[in-house]
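Geometric and topological summary
Spelled out from the first residue to the last, the chains are:
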Amino acid sequence: MPELPEVEVLVRHLAPRLVGRSILSVNVCRSRVLAPTSIRSLTHTLRGARFVGLRRRAKYIVFNLHSPKRHSEIILVGHLGMTGRMYLLPCDAPLPKHAAVVLDLDRGKFVFEDTRYFGRLTLDITALGRLGMEPLEAEFTPERFAEVLKRSAQPIKVKLLDQSVVAGVGNIYASEALFRAGISPRIPARKLKNAQIESLWRSIREVLQEAIERGSSMPLAYSGTGTKDGLFYFGRELEAPDTYQEPFRVYDRAGKPCLECGSTIKRLVQAARSTFFCPGCQRSQHSKVRIKSS
Ligand SMILES: [Zn+2]
């Protein structure tokens, strides 16, 4: 599932290719991904509009467009969901089976493909208003982070996934950041000491930033030289080496030895999501916060 770094890499990839292009026509194959926008509204709004900007907000892709005929600015919001992909194709390329929305541009076409249709491409911007601090922006400070955490009795791992606190931290990077900070995922957020909060704050920024620099394991370019399916999307830059190093220290490593201390990495389920952690490196600091085994 794409997380913040993959979306950031995608936005950086798409921005220079999309900005300046105009939309000639809109083809909606799966209206579900537009909800609550109607096909008619999307088509009417986007036809003739030109992409003027593209940015990431949490795991959303925010497209800014200008409509000359309506003299208005348009915001189009995209989300990859679990399996979404966004990429450009030449005009004459066949459409993929799971194309959800296709925008015919003045040169080429923009494709939003989604095999499971959990993604979104919509004019509805309400989701953006509910988002918390952007973890890589200056607004995310240890002080503001502490303010929110001190009010919560939820386990810190669960709280990190709350998008109204820090927006865009997903399941993978929550586990990774807690490991890097040496904090047990089970500690109630409000029990964290200021030094731990600062360490976690720094770890969140580091794991996200490093992942952006690394790119993901997916090929980025459509040309597809040396890559599996030759498609797309969010992913590493072309010049990245083929030998792709396992980037995670704890995520999806249950049963394997910790790279720091050799203890066996454990998996537990919190709020219906898997958490991976090292019981050696991420001890609960006080007996009081030790969780009863269930
Ligand atoms: Zn360890």
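Just above, that's the structure.
1. Some thoughts on unusual backbone geometry
- In the segment running from A35 into P36, the intervening peptide bond is cis, with an omega of 5°.
- Relative to the assigned elements, P36 resides in the loop between β1 (23–28) and α2 (39–46).
- Despite not being glycine, D252 has its phi angle at roughly 60°, a positive value.
- Relative to the helices and strands, D252 resides in the loop between α7 (194–214) and β9 (266–270).

2. A look at the nonpolar core
- If you look at the biggest cluster of nonpolar residues, it comprises 33 residues, and the most contacted ones within it are F145, I156, L160, I183, L192, L200 and I204.
- Those elements that place two or more of their residues in this core are α1 (4–18), α4 (142–149), α5 (156–160), α6 (171–181) and α7.
- The biggest single contributor to this core is α7, with 8 residues.
- In terms of nonpolar packing, the next biggest core, distinct from the first, is built from 32 residues, V11, L54, I61 and I74 among them.

3. Here we look at the packing of α6 against α7
- At a minimum axis distance of 8 Å, the contact between α6 and α7 shows a crossing angle of 125°. In this view, α6 runs oblique relative to α7, as classed from their interaxial angle. Here α6 runs over α7; the crossing is right-handed. On α7, the residues touching Y173, E176, A177, L178, R180 and A181 of α6 are S199, L200, S203, I204, E206, V207, L208, E210, A211 and R214.
- Across the contact of α6 with α7, the residue classes tally to 9 nonpolar, 2 polar and 5 charged.

4. Here we look at the packing of α1 against α7
- At a closest axis distance of 8 Å, the pairing of α1 and α7 adopts a crossing angle of 40°. Judged by the inter-axis angle, α1 sits oblique to α7. For the pair α1 and α7, the crossing hand works out as right-handed. Together, L4, P5, E8, V9 and R12 of α1 and L208, A211 and I212 of α7 make up the contact between the two elements.
- Residues that form the contact of α1 with α7 fall into these classes: 6 nonpolar, no polar and 2 charged.

5. Quick word on the coordination of the zinc ion
- Those donors, C258 (SG), C261 (SG), C278 (SG) and C281 (SG), are the protein atoms that reach the zinc ion, and they lie 2.2 to 2.4 Å from it.
- Classification of the site at the zinc ion as tetrahedral follows from its 4 donor atoms and the range of 98 to 116° in their angles at the metal.
- In terms of primary sequence, the donors binding the zinc ion are separated according to C-x2-C-x16-C-x2-C. Of this pair, C258 sits in the loop between α7 and β9 while C278 sits in the segment after β10 (273–277), placing them 20 residues apart in sequence.
- Relative accessible area serves as the criterion here: at 5%, C258 is assigned to the buried category.

6. Observations regarding α2
- The complete set of buried residues in α2 reads L42, T43, T45 and L46.
- Elements that come into contact with the buried residues of α2 comprise β1, β3 (60–67), β4 (72–79) and β6 (99–105).
- Positive backbone phi, at 90°, marks G48, one or two positions downstream of α2.

7. Here's the deal with the side chain of R57
- Counting through the fold element by element, R57 comes out in strand β2 (residues 50–57).
- At 3.5 Å, the side chain of R57 and the backbone oxygen of L131 are in polar contact.
- A polar atom in the side chain of R57 sits 2.7 Å from the backbone oxygen of G132.
- Dropping the residues within four chain positions of it, R57 is found in contact with V62, L128, L131, G132, M133, E134 and A167.

8. Topic: the environment of R180
- Relative to the elements of secondary structure, R180 occurs in helix α6.
- With a relative accessible area of 35%, R180 lands in the partly exposed category.
- Those residues in contact with R180 that lie beyond four places of it in its chain are S203, E206, V207 and E210.

9. Things to note about the pattern of salt bridges
- Tallying each qualifying case throughout the model produces 10 salt bridges.
- Here E210 ties to R180 by a salt bridge, and the two come within 2.9 Å at their closest N and O atoms. Linking E210 in helix α7 with R180 in helix α6, this pair joins segments that are 30 residues apart in sequence.
- Bridged by salt links that share partners, the residues E8, R12, R56, R57 and E134 form one connected network.

10. Topic: the pairing of β3
- Within β3, 6 of the 8 residues are buried, which leaves it mostly tucked inside the rest of the structure.
- Across 7 bridges, β2 lies against β3 in antiparallel orientation. The residue of β3 that forms the bridge with R55 is V62.
- As consecutive antiparallel partners, β2 and β3 are separated by 2 residues, and within that stretch A58 has a phi angle of approximately 55°, a positive value.
- Note that β3 and β4 share 8 bridges and pair antiparallel. By the bridge assignment for β4, N64 is matched with I75.
- If you look at the hairpin formed by β3 and β4, you'll find 4 residues sitting between the two strands, and H71 has a positive phi there, around 50°.

Conventions used here
Residues numbered from 1 in each chain as written. Predicted model: local features only at pLDDT ≥ 70, side-chain atom pairs only at ≥ 80, totals over all residues. Heavy atoms only, no water. Helix = DSSP H or I, 4+ residues; strand = E, 2+ residues; numbered from the N terminus. Core = buried A, V, L, I, M, F, W, Y, C linked by side-chain atoms within 4.5 Å. Buried < 20%, exposed > 50% of the residue type's maximum accessible area, 1.4 Å probe, protein only. Axes fitted to C-alpha atoms, helices over the stretch in contact; angles between N-to-C directions. Parallel < 35°, antiparallel > 145°, perpendicular 65-115°, else oblique. Left-handed = near helix turned anticlockwise from the far one by under 90°. Contact = heavy atoms within 4.5 Å. Nonpolar A, V, L, I, M, F, W, Y, C, P; charged D, E, K, R; others polar. Donors = N, O, S within 2.8 Å, 3.2 Å for Na, K, Ca; no water. Tetrahedral: all angles 85-135°; square planar, octahedral: opposite > 155°, others 65-115°. Polar contact = N/O pair within 3.5 Å; in protein donor to acceptor, adjacent residues only side chain to side chain. Salt bridge = Lys/Arg side-chain N within 4 Å of Asp/Glu carboxyl O. Pairing = 2+ DSSP bridges.

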